[in-house]
Amino acid sequence: MPSGQRAQWKGFLKFGEVSCGVALYTAASTSERITFNTINKATGNRVNRIFIDSETEDPVPKEAQTKGFEIENGQYIIIDPEEISAAIPESNKTLEIEAFIPCSDVDDVYFDKPYYLTPDKMGGDAFVALRDAMKKSMVAAIARTVLFRRMRTVLIRPHGKGLIASTLNYDYEVRSSEKAFEEMPKLKIKGEMLDLAKHIVSTKKGEFDPATFDDRYEAALADLVKAKLEGKSLPKPKKVQVSKPNDLLAALRESAGLMKAAADKPKRTAANANTGGRQRAARGAAAKSATSKAAPQRKAS
């Protein structure tokens, strides 16, 4: 069990006649983002949300509220919350694997939300046997169960020491790519233009490292909150000058030239590299300090 983290779901993972206790933990969360409350400017007090009748504009207390499905404009079928609860499929708390498939068979557009899947106390041997067998066979598993009051299809894949279970969007929830791209022009790029584009791609090859991606919006909010706490004003950002190349080929030629010049530059000395590393560490520490000072006011009023 991950330290300090609460399981979102506990049950059993079943494959064939083998089953083991498992738990799901949230793999991605937005809880650390800075959030704001809505405030009354005149009083400085927090504003509360009140539901009102769309026609009479009278407040409607919670006990007088129910659910409705709109069949025509302004006409609804009334459905009580108890009826909705009765329609929810019963959960047997079992993730039953229905099939093993090649990992590449599922289009990324179907991925919904990832969860870490870990063994829950007993059944570690069965869990590890499944994980290693899937790794060796280079397959993922399709399973179904009731999660969070809905029947969900889940894709399970080996991930580090455990498994990762991603809920999948249903087919009716995924919009057609054909419709999205139906107005794409039918063009065929070749010759120098294609060669230049390929050259730019080759000079910009790298590796995926999420630690290098900065959430600039979140950092800007942290700086804003810190400045407000200290009674300071933030410097106005410089306007970005957008270049307007005459044509695509000229822009590609310019980009390819810049890429080649960057590639021909001599590598930094070890001393310079270390200096750069120290500067990056200092900037990181400063950003962390700003964020931690702003943390008590994360839900800013």
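## Examining the sheet that holds strand S9 (residues 150-159)
One closed barrel holds the 7 strands; their spatial order is S1-S2-S7-S10-S9-S8-S6, and the pairing between them is mixed. Adjacent strand axes in the sheet meet at a mean angle of 40 degrees when their direction is disregarded. Strand direction decides the pairing type here: strand S6 (residues 94-102) and strand S8 (residues 139-147), joined by 6 bridges, are antiparallel. By the bridge assignment, alanine 99 is partnered in S8 with isoleucine 142. In this fold helix H2 (residues 124-137) packs onto strand S1 (9-15), strand S2 (18-26), S6, strand S7 (111-119), S8, S9 and strand S10 (162-168), with an angle of close to 75 degrees to the strand it touches most, S10.

## Some details on the layout of surface pockets
Size it by volume and the second largest pocket reaches roughly 360 Å³. What lines the second largest pocket is a set of 14 residues, among which Ile52, Asp53, Ser54, Thr66 and Tyr76 lie closest to the centre. Those elements that place two or more of their residues in the lining of the second largest pocket are strand S4 (67-72) and strand S5 (75-79). Considering only residue class, the lining of the second largest pocket consists of 6 nonpolar, 5 polar and 3 charged.

## Considering the pairing of S9
With 7 bridges connecting them, S8 and S9 associate as antiparallel partners. Paired with alanine 141 across the strands is isoleucine 156, a residue of S9. Counted along the chain from S8 to the antiparallel partner S9, the turn is 2 residues long, and its residue phenylalanine 148 has a positive phi close to 55 degrees. With 6 bridges connecting them, S9 and S10 associate as antiparallel partners. Looking at the pairing, valine 154 lines up with threonine 167 of S10. Following S9, the chain reverses through 2 residues before pairing antiparallel with S10; glycine 160 in that reversal takes a positive phi of roughly 60 degrees.

## Focus on the packing of aromatic side chains
Taken as a whole and judged by the stated rule, the model has 2 aromatic pairs. An angle of 40 degrees between the planes, with centres 5.8 Å apart, marks the rings of tyrosine 115 and phenylalanine 148 as tilted. Remark: phenylalanine 148 occurs in the loop between S8 and S9 and tyrosine 115 occurs in strand S7; sequence separation between them is 33 residues. Exposure remark for phenylalanine 148: the relative accessible area of 41% places this residue in the partly exposed category. With centroids separated by 5.9 Å and ring planes inclined at 10 degrees, the aromatic side chains of tyrosine 170 and tyrosine 172 adopt a geometry described as stacked.

## Observations concerning the pattern of salt bridges
Scanning the entire structure with this criterion turns up 6 salt bridges. Among the ionic pairs, aspartate 120 bridges to lysine 10, the shortest N-O distance being 4.0 Å. You can see aspartate 120 sitting in the loop between S7 and H2 and its partner lysine 10 sitting in strand S1, a full 110 residues away along the chain. In this structure, the salt-bridge partner of aspartate 112 is arginine 152, at a minimum N-O distance of 2.9 Å. With aspartate 112 in strand S7 and arginine 152 in strand S9, this residue pair connects regions lying 40 residues apart in the sequence. A single network of salt bridges, built from pairs that share partners, joins Lys226, Glu230 and Lys232.

## Here's the deal with the confidence of the model for the protein
Taken residue by residue, the protein gives an average pLDDT of 81. The fraction at 70 or more is 81%. Highest mean pLDDT in the protein belongs to S10 (94); lowest belongs to strand S11 (residues 299-300) (41). pLDDT under 50 marks residues 268-301. Its contacts with residues more than four places away, or in other chains, come to 26 contacts.

Parameters at a glance
- Position numbers for residues count from 1 along each chain, tracking the sequence in the order it is written.
- Note on the predicted model: pLDDT of at least 70 is required for a residue's local features to be given, and 80 or more for side-chain atom pairs to be given and counted; whole-chain, interface and lining totals, by contrast, use all residues.
- Side-chain measures were taken over the full set of non-hydrogen atoms in the model, leaving aside hydrogen atoms and water.
- Two strands are counted as paired when DSSP detects at least two bridges linking them.
- Where helices and strands are cited, they refer to DSSP runs of H or I of at least four residues and of E of at least two residues respectively, numbered from the N terminus.
- The angle between two axes is taken between their N-to-C directions and runs from 0 to 180 degrees, where each axis is a line fitted to C-alpha atoms and a helix contributes only its stretch in contact.
- Two residues qualify as a contact provided that any one of their heavy atoms is within 4.5 Å of a heavy atom in the partner residue.
- Every definition here rests on a 1 Å grid over the protein atoms only: cavities are sets of points where a 1.4 Å probe fits but cannot get out, pockets are open sets enclosed by protein on both sides within 12 Å along at least five of seven lines, and lining residues have some atom within 4 Å of a point.
- Grid points are joined across faces, edges and corners, and a volume is the space filled by probe spheres set on the points.
- Ten residues, namely Ala, Val, Leu, Ile, Met, Phe, Trp, Tyr, Cys and Pro, are considered nonpolar, four, namely Asp, Glu, Lys and Arg, are considered charged, and the remaining ones, Gly among them, are considered polar.
- Pairing of aromatic rings covers Phe, Tyr and the six-membered ring of Trp, with a centre-to-centre limit of 6.5 Å; geometry is then stacked below 30 degrees between planes, edge-to-face above 60, and tilted otherwise.
- Residue exposure (1.4 Å probe, protein chains only): buried if accessible area is under 20% of the type maximum, exposed if over 50%, otherwise partly exposed.
- Any Lys or Arg side-chain nitrogen found within 4 Å of a carboxyl oxygen on Asp or Glu counts as a salt bridge.
- Each residue carries a pLDDT score, the predictor's own confidence in it, on a scale running from 0 to 100.

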